[in-house]
Amino acid sequence: MKSEALSPEAKEVRILELEAALASEKMCSECLEKMIEIAGRELKIDIRKKSGDKQSLR
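Residues numbered from 1 in each chain as written. Predicted model: local features only at pLDDT ≥ 70, side-chain atom pairs only at ≥ 80, totals over all residues. Heavy atoms only, no water.

A. Inspection of the overall build of the chain at higher detail. Helices and strands together make up the secondary structure of the chain, namely one helix and zero strands. Taken over 58 residues, the chain has a buried fraction of 2%. Taken as a whole, the chain presents about 5,700 Å² of accessible surface, with 60% of it coming from carbon and sulfur. (Helix = DSSP H or I, 4+ residues; strand = E, 2+ residues; numbered from the N terminus. Buried < 20%, exposed > 50% of the residue type's maximum accessible area, 1.4 Å probe, protein only. Areas by Shrake-Rupley, 256 points an atom, 1.4 Å probe, with all protein chains shown as cover.)

B. Expanded view of the pattern of salt bridges. Counted by the stated rule, this structure contains three salt bridges. Here glutamate 17 ties to arginine 14 by a salt bridge, and the two come within 3.5 Å at their closest N and O atoms. Residue glutamate 17 and its partner arginine 14 are both found in helix α1 (residues 8-43); the two are separated by three residues, about one turn of the helix. Overall, the relative accessible area of 33% leaves arginine 14 in the partly exposed class. Note that glutamate 37 is salt-bridged to arginine 41, the shortest N-O span being 3.6 Å. Pair noted here: glutamate 37 and arginine 41 are both in helix α1, with a separation of four residues, about one helical turn. (Salt bridge = Lys/Arg side-chain N within 4 Å of Asp/Glu carboxyl O.)

C. Highlighting unusual backbone geometry. Although it is not a glycine, lysine 44 sits at a positive phi angle of roughly 55°. Mapped onto the elements of the fold, lysine 44 is located in the segment after α1. For lysine 44, a relative accessible area of 72% corresponds to the exposed category.

Written as structure tokens, this is what we have:
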């Protein structure tokens with residue numbers, strides 16, 4: 001989508017839509033992080049990949 005083709009009002013609406021989508025994605029990300037934290041604590045396993053670990057080939 002070309003931003004030059006949009007009117008100022010349409011740009012403002014698009015910005016608001018994008019801000020709402022970003023807020024929603026941030027909330028999902030925070031929820032997933034919390035779920036990983038809780039699952040790791042409850043299951044007593046480290047779910048997050050360590051930065052130095054190599055991925056196994058299967």
